[in-house]
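Structural features, examined
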Amino acid sequence: MGRGLMTRPLRTPDDLVAADLAPPEALAELARVAERYAVAITPPMAELAQACEGVARQFVPTPAELLATPDERADPIGDDAHSPVEGIVHRYPDRVLLKANHACAVYCRFCFRREMVGPDGVRPLSPAQLDAAMAYVAGRPEVWEVIVTGGDPLILSPRRLADIGRRLAAIEHVKVVRFHTRVPAVDPDKVTDELVQALKASGKAAWVALHANHPDELTPAARAACARIVEAGIPMVSQTVLLKGVNDEPAVLEALMRGFVEARIKPYYLHHGDLAPGTGHFRTSIDEGQAVMRDLRGRLSGLAQPTYVLDIPGGHGKVPVGPTYVHADEVEDPAGKRHVYPPAQD
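Parameters at a glance
- Residues numbered from 1 in each chain as written.
- Predicted model: local features only at pLDDT ≥ 70, side-chain atom pairs only at ≥ 80, totals over all residues.
- Heavy atoms only, no water.
- Core = buried A, V, L, I, M, F, W, Y, C linked by side-chain atoms within 4.5 Å.
- Buried < 20%, exposed > 50% of the residue type's maximum accessible area, 1.4 Å probe, protein only.
- Contact = heavy atoms within 4.5 Å.
- Pairing = 2+ DSSP bridges.
- Helix = DSSP H or I, 4+ residues; strand = E, 2+ residues; numbered from the N terminus.
- Axes fitted to C-alpha atoms, helices over the stretch in contact; angles between N-to-C directions.
- Salt bridge = Lys/Arg side-chain N within 4 Å of Asp/Glu carboxyl O.
- Phe/Tyr/Trp six-rings, centres within 6.5 Å; stacked < 30°, edge-to-face > 60°.
- Lys NZ or Arg CZ within 6 Å of the ring centre and 35° of its normal.
- Polar contact = N/O pair within 3.5 Å; in protein donor to acceptor, adjacent residues only side chain to side chain.

Some words on the nonpolar core
The biggest cluster of nonpolar side chains holds 94 residues, and the ones touching the most others in it are Leu 21, Ile 41, Leu 98 and Val 146. Those residues in contact with Leu 98 that sit more than four places away from it in its chain are Gly 87, Ile 88, Leu 125, Leu 130, Ala 133, Met 134, Val 146, Ile 147, Val 148, Thr 149 and Ile 164.

Here you go:
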């Protein structure tokens, strides 16, 4: 295979070696990782990974994933505690997650659902389970938004996506349907006109949240895929995970956030790394994340500022953890200088 044009996803340690993404002497250790956690890298991402360490680090497995720490947990954000029926997570009053499937186009090495995704993970919802999930939503008039996630829902066929949309269309109190995905960046050719129309099948306000972590992921093909979504009337927002060695430098995050806005994607969340097993080599401290955000505040348009958030372990919810600029009777400007507020009277 080597370097150059690839035609199929990389799914095994042998594939990684053949693509020059791992040395032959690492095969045995990588096989141990692949036995526990799913591996898949699409051709566009594999080609990027050959040239960009920030991309490779996200998708190419390493033996560090076998090193778990005592504070890590299989369900780091507490989905299970808020799952009344299979496929539904109802953590906040006005919205639910609908986990339509548990497979992805690529498998991130830092995934917070890594214990349940992949070919050997949790099975997709059966027809009866999907019926029960829809009945749960229909019976909860407080649910205003359904977030279709997984796995990655955009690996489903347009027919299956449209079916989900049409079923949600019948639930009057649901007003917004949001899809969380990596597909426009990692497999942009899959974003066909048919798939885009399937995203609109509910007749509700449809949104797409794109997960991307490095500016090199926003290739011309990825931007074109996003344009097909946006130009169909579907607004897009971004989700990014703060990752050591990938985007924990202000200049990298700045380039990524500017790239989102240029592609008509509103930066939304910058997630602090979750306590998923074997992901300690990716996590920064909150202090380090706040320092990056403080740096961005001074030089990046407000339109391009994400909200830095932490999902509190145990299912307690997501909260902003960005830096504060209010100190008793003083406020801090982007340059770090403090000013009395309200100003003293002359």
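Focus: the sheet that holds strand 6 (residues 236-241)
Ordered by their spatial adjacency, 9 strands build an open sheet running 1-2-3-4-5-6-7-8-9, and the pairing between neighbours is mixed. Of all strands in the sheet, those with a lone pairing partner are strand 1 (88-92) and strand 9 (317-320), marking the two edges. Averaged over all pairs of adjacent strands, the angle between their axes in this sheet comes to 30 degrees, without regard to strand direction. As judged from the 5 bridges shared by strand 2 (residues 95-99) and strand 3 (residues 145-149), these two strands associate in the parallel manner.

Some remarks on the pattern of salt bridges
The final tally for this structure, using the stated rule, is 20 salt bridges. The shortest N-O distance in the salt bridge between Arg 223 and Glu 262 comes to 3.7 Å. Here the residue Arg 223 occupies a position in helix 9 (residues 220-230), and Glu 262 occupies one in helix 10 (residues 250-262), the gap between them amounting to 39 residues. As a salt-bridge pair, Arg 258 and Glu 254 come within 3.0 Å of each other at their nearest N and O atoms. You can see Arg 258 and its partner Glu 254 sitting in helix 10, 4 residues apart, about one turn around the helix. With relative accessibility at 34%, the residue Arg 258 sits in the partly exposed group. Taking relative accessible area as the criterion, Glu 254 reaches 16% and is therefore assigned buried.

A look at the packing of aromatic side chains
The full count for this structure, using the stated rule, is 2 aromatic pairs. For the pair Phe 110 and Phe 282, a centre-to-centre distance of 5.6 Å together with 70 degrees between the ring planes defines the contact as edge-to-face. Of the two residues, Phe 110 sits in the loop between strand 2 and helix 5 (127-138) while Phe 282 sits in the loop between strand 7 (265-271) and helix 11 (286-299), which places them 172 residues apart along the sequence. Accessibility assignment for this pair places Phe 110 and Phe 282 in one class, buried. On the basis of an interplanar angle of 20 degrees and a centroid distance of 4.0 Å, the ring pair of Tyr 268 and Tyr 269 is categorised as stacked. Overall, the relative accessible area of 26% leaves Tyr 268 in the partly exposed class. For Tyr 269, a relative accessible area of 18% translates into the label buried. Geometry around Tyr 37 places Arg 114 over its ring, the cationic atom sitting 3.6 Å from the centre. Here the guanidinium or amino end of Arg 294 rests over the ring plane of Tyr 325, the centre of that ring lying 5.0 Å away.

A word on the side chain of His 327
Of note, His 327 is situated in strand 10 (residues 326-327). Residue His 327 is classed as buried on the basis of its relative accessible area, which comes to 18%. At 2.9 Å, the side chain of His 327 forms a polar contact with the side chain of Glu 332. Discounting chain neighbours no more than four positions away, the residues touching His 327 are Glu 332 and Arg 338.

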